[in-house]
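Reading the structure
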Amino acid sequence: SQTIHQWPATLVQPVGSPLSLECTVEGTSNPNLYWYRQAAGRGLQLLFYSVGIGQISSEVPQNLSASRPQDRQFILSSKKLLLSDSGFYLCAWSSPSRGGGETQYFGPGTRLLVL
Amino acid sequence: KQEVTQIPAALSVPEGENLVLNCSFTDSAIYNLQWFRQDPGKGLTSLLLIQSSQREQTSGRLNASLDKSSGRSTLYIAASQPGDSATYLCAVTSNSGYALNFGKGTSLLVTP
């Protein structure tokens, strides 16, 4: 069966510090991978998605970047965090498809607080 | 731009009641619609996925319907239980992209 892991579970970082959140998926090959953010009072928003190693698409302009160095590894990064980067970050995967439309399965999330 | 709205924002019902959660979306050109459950501080659990060509999907006590032309979906929960207490999220995938567009959710509390 497939499982998705995220770490860390919780993170408190000062403004201006770097960020690296990691997501890994087990039990599937060539998944589509996604990073979402859930900010207080807002719905979930897609930040990045990837259909393969080294292939990253950004949905919204922002202070963050994503990378996919391996088939089942997805990393969310920032060089300098802003207060507005605080939120709950969720990684998700889906079976490879024509372009979305498959059920997405979510990880446990990372709660980031920038002070 | 696709806008997804969920009503009500919060709902409290006694155990055993049947209930309906509503979701509406502005652009009917969707590929599918998903309902998720989110427990406090946790990730999302997929409950049901309805393809755009389908009218409804059922899983246990849950039934989700889709009326694409009117931009509406409902999630029906039969015989609610305290364990059903959670936030329920509706999300649609547009024909043109990968993104799930989420509503802000309905926070459900089922009291014993």
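This structure is a prediction, so every number in the text was calculated from the model and none was measured. (Residues numbered from 1 in each chain as written. Chains lettered and ligands numbered in written order. Predicted model: local features only at pLDDT ≥ 70, side-chain atom pairs only at ≥ 80, totals over all residues. Heavy atoms only, no water.)

1. Here's the deal with the sheet that holds strand β3 (residues 19-25) of chain B
Residues and elements named next belong to chain B.
- The strand order β1-β3-β8-β7-β6 describes an open sheet built from five strands, whose pairing is antiparallel. Across the chains shown, the open sheet's two edge strands, defined by having one partner strand only, are β1 (4-7) and β6 (56-59). Mean inter-strand twist for the sheet, computed between neighbouring axes without regard to direction, equals 15°.
- By the bridge criterion, four bridges tie β1 to β3 in an arrangement that is antiparallel. Each residue of the ladder has a partner; that of Ile 7, found in β3, is Asn 22. (Pairing = 2+ DSSP bridges. Helix = DSSP H or I, 4+ residues; strand = E, 2+ residues; numbered from the N terminus. Axes fitted to C-alpha atoms, helices over the stretch in contact; angles between N-to-C directions.)

2. Here we look at the side chain of Gln 2 of chain B
All names here are of chain B.
- With respect to the element layout, Gln 2 can be found in the segment before β1.
- By relative accessible area, Gln 2 is classed as buried at 8%.
- Within the structure, Gln 2 has its side chain in polar contact with the backbone nitrogen of Thr 26 (distance 3.0 Å).
- If we ignore the near neighbours within four places in the chain, the residues touching Gln 2 are Phe 25, Thr 26, Asp 27, Ile 30, Val 92, Ser 94 and Asn 101. (Buried < 20%, exposed > 50% of the residue type's maximum accessible area, 1.4 Å probe, protein only. Polar contact = N/O pair within 3.5 Å; in protein donor to acceptor, adjacent residues only side chain to side chain. Contact = heavy atoms within 4.5 Å.)

3. Details of the sheet that holds strand β8 (residues 73-78) of chain A
Residue and element names in this part refer to chain A.
- In space, the four strands of this open sheet follow the order β1-β3-β8-β7, with antiparallel pairing throughout. Looking at the sheet topology across the chains shown, the edges are occupied by β1 (3-7) and β7 (65-70). Between one strand and the next, the sheet's axes are offset by a mean angle of 20°, whatever the strand orientation.
- With five bridges connecting them, β1 and strand β3 (residues 19-26) associate as antiparallel partners. In the strand pairing of β3, Trp 7 is matched with Glu 22.

4. As for a nonpolar patch on the surface
- Together, Val 12, Leu 113 and Leu 115 of chain A make up an exposed nonpolar region whose accessible area comes to about 280 Å².
- By the element assignment, Leu 115 of chain A lies in the segment after β11 (110-114). (Patch = residues over 30% accessible without salt bridge, like charges linked within 9 Å, V, L, I, M, F, W, Y side chains within 5 Å. Areas by Shrake-Rupley, 256 points an atom, 1.4 Å probe, with all protein chains shown as cover. Salt bridge = Lys/Arg side-chain N within 4 Å of Asp/Glu carboxyl O.)

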